[in-house]
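If you want the building blocks of each chain, they are given just below.
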Protein chains: 2
Amino acid sequence: MMKAHTPAPQLRGPSDHDVRDQIVEAATKYFGRYGYGKTTVSDLAKAIGFSKAYIYKFFDSKQAIGEVICSNRLSTIMATVDEAVTGVPAAPERLRRMFKALVEAGSYLFFHDRKLYDIAATSASESWPSVGAYEEHLKALVLQIVRDGRELGEFERKTPLDETVNAIYLVMRPYINPLLLQHNLDNAADAATQLSSLILRSLAP
Amino acid sequence: MMKAHTPAPQLRGPSDHDVRDQIVEAATKYFGRYGYGKTTVSDLAKAIGFSKAYIYKFFDSKQAIGEVICSNRLSTIMATVDEAVTGVPAAPERLRRMFKALVEAGSYLFFHDRKLYDIAATSASESWPSVGAYEEHLKALVLQIVRDGRELGEFERKTPLDETVNAIYLVMRPYINPLLLQHNLDNAADAATQLSSLILRSLAP
DNA sequence: TGCGTGACCATAATACAAAATGGTCACTCG
DNA sequence: CGAGTGACCATTTTGTATTATGGTCACGCA
């Protein structure tokens, strides 16, 4: 697992510091096990053998820690999704795999890492940067796939690129955004298949 | 406004009875003004000059009353949507209008009738029959439009009909289901336009 | 007989005091 | 000077005693 705190939330003090990593490590464990709400900043402090006040030399707030943990987890998912599509030459197949991997990763998070899922949901509902970056990354991936597909003549080229990409993203969003995903979990796998097909039909040259 | 208690929830006693109508009338007023939660069954009873116990001669539960109020309101929306598409000959245009009317009605409900919107959201989250019937009706409308479009040669005919319809419905659902709509309200109008276009591209012969 | 109800119960909502938590800061110590 | 902290405060959260509410039923009365 890489470091991947992509959009660097509100930090304090030196950006690479052993104690910061210790905090993140402890938070990953505690937030994942007991949940964001049930974990107190003092818990984290105690876990690394410092006082609560010292935590605040490194993070602006408890939420800032939550954002890092959330970002990290979403980075892992992004890596999984990226991996699922790399090496696949055909754009249509890449789009299918992207959607599938996305839904699988989201479902997994929900069913096997519920506490972290809840943080992601909070992140989405309170517009933390974490989920925003996640969505942007995926939007960029869609753009990439559509662009490639167009170049290879697999997709039509009449519709304005940004409109196409945006519309496709809108179709996927209910299965990307944690706040929406939870209401689409039953049949999410089928939905991914059917919607992929619909999108691809709309992209046919 | 018509009667329209379409899927007749758990009733008691004679299905047409003046007192039943009075209850529904009072509930429409109270639920709409103070919300479902803040309205007590005694409030309704007092409003029509009977005792609380008498209400239960006509309805199985408070929720059953809520379902009727919710169904009625959703029936109004369905009527609006139906009206928006009737008389339009071209299937593509009908689909556009359907989506647009749907989003407008939903947004209106949210912004101008918030208390009733909340009931609809509850209905969706607890799977009352009301929202279920609403979704079914709209799914049927999509089927109708696609079928017509196919017959007129406006839409492709290769993809299995039910798959097409289901996929289209899945695209629209986040703007239909109240539980999902609330997270899509900003840009809902644009989304409806762009997604209509995407759907129509996917339907192109 | 059938419309209508007061009294009753289990559970849910509310109110509110007490405890816990997020966050700050002046300060210590090496 | 900089790593590290105890004491402190405003705001939430929690536990709980109390009230309100959904729902039933045996009964009254025309």
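Residues numbered from 1 in each chain as written. Chains lettered and ligands numbered in written order. Predicted model: local features only at pLDDT ≥ 70, side-chain atom pairs only at ≥ 80, totals over all residues. Heavy atoms only, no water.

Where an unreviewed UniProt entry is consulted, chain A appears under the name AcrR family transcriptional regulator, with the organism given as Azomonas macrocytogenes.

Across the boundary between the two partners, chain B contributes 23 residues, which contact 23 residues of chain A. Carbon and sulfur atoms supply 62% of the area that chain B and chain A bury against each other, a total of about 2,100 Å² over both sides. For the pair chain B and chain A, the number of links is two salt bridges. For Glu163(B), the salt bridge goes to Arg201(A), with nearest N and O atoms at 3.6 Å. Across the chain B-chain A interface, the total number found is four residue pairs in polar contact (both at pLDDT 80 or more). Contributing elements (two or more residues each) for the side of chain B that touches chain A: helix 8 (161-172), helix 9 (178-181) and helix 10 (188-203) of chain B. Looking at the side of chain B that touches chain A, its residues break down into 11 nonpolar, eight polar and four charged. (Contact = heavy atoms within 4.5 Å. Buried area = accessible area lost by both parts, 1.4 Å probe. Salt bridge = Lys/Arg side-chain N within 4 Å of Asp/Glu carboxyl O. Polar contact = N/O pair within 3.5 Å; in protein donor to acceptor, adjacent residues only side chain to side chain. Helix = DSSP H or I, 4+ residues; strand = E, 2+ residues; numbered from the N terminus. Nonpolar A, V, L, I, M, F, W, Y, C, P; charged D, E, K, R; others polar.)

A word on the UniProt feature "DNA-binding region" (unreviewed entry) in chain A. UniProt tags residues 40-59 of chain A as "DNA-binding region" (unreviewed entry). The distance separating the terminal C-alpha atoms of residues 40-59 of chain A is 14 Å; by composition the span is 60% helix and 0% strand. (UniProt positions renumbered as here; feature names shortened; annotations may be inferred.)

Before going further, it helps to examine the protein's contact with DNA strand C. Taken together, the neighbourhood of DNA strand C is formed by 15 residues, with Val41(A), Lys52(A), Lys62(A), Ser51(B) and Tyr54(B) sitting nearest. The protein-proximal atoms of DNA strand C, defined as those within 4 Å of the protein, are 58% sugar or phosphate. Taking Lys52(A), its side chain carries an N or O atom lying 2.4 Å from a base oxygen of DNA strand C. Lys38(B) has a polar side-chain atom sitting 3.5 Å from a phosphate oxygen of DNA strand C. Contributions of two or more residues to the surface near DNA strand C are made by helix 3 (52-55) of chain A together with helix 3 (52-55) of chain B. (Near = heavy atom within 4 Å.)

What follows covers the nonpolar core. Within the largest apolar cluster, 138 residues are counted, with the highest numbers of intra-cluster contacts made by Met98(A) and Met98(B). Each residue touching Met98(B), except ones within four places of it in the same chain, is listed here: Val81(B), Val85(B), Leu138(B), Leu141(B), Val142(B), Ile145(B) and Met172(B). (Core = buried A, V, L, I, M, F, W, Y, C linked by side-chain atoms within 4.5 Å. Buried < 20%, exposed > 50% of the residue type's maximum accessible area, 1.4 Å probe, protein only.)

With that settled, the discussion passes to unusual backbone geometry. Residue and element names in this part refer to chain B. A positive phi angle, close to 50°, is found at Ser127, a residue other than glycine. Within the secondary structure, Ser127 is located in the loop between helix 6 (114-125) and helix 7 (129-151). You can call Ser127 exposed: its relative accessible area is 61%. The backbone phi angle of Asn187 is positive, close to 70°, even though this residue is not glycine. Of note, Asn187 is situated in the loop between helix 9 and helix 10.

Attention shifts here to the protein's contact with DNA strand D. Inspection of the region around DNA strand D gives 15 residues, with Ser51(A), Tyr54(A), Val41(B), Lys52(B) and Lys62(B) positioned closest. At the protein interface, 57% of the atoms of DNA strand D within 4 Å belong to sugar or phosphate. Ser51(A) places a polar main-chain atom, nitrogen or oxygen, 2.8 Å from a phosphate oxygen of DNA strand D. The separation between a phosphate oxygen of DNA strand D and a polar side-chain atom of Tyr56(B) is 3.1 Å. Elements supplying a minimum of two residues to the surface near DNA strand D: helix 3 of chain A together with helix 3 of chain B.

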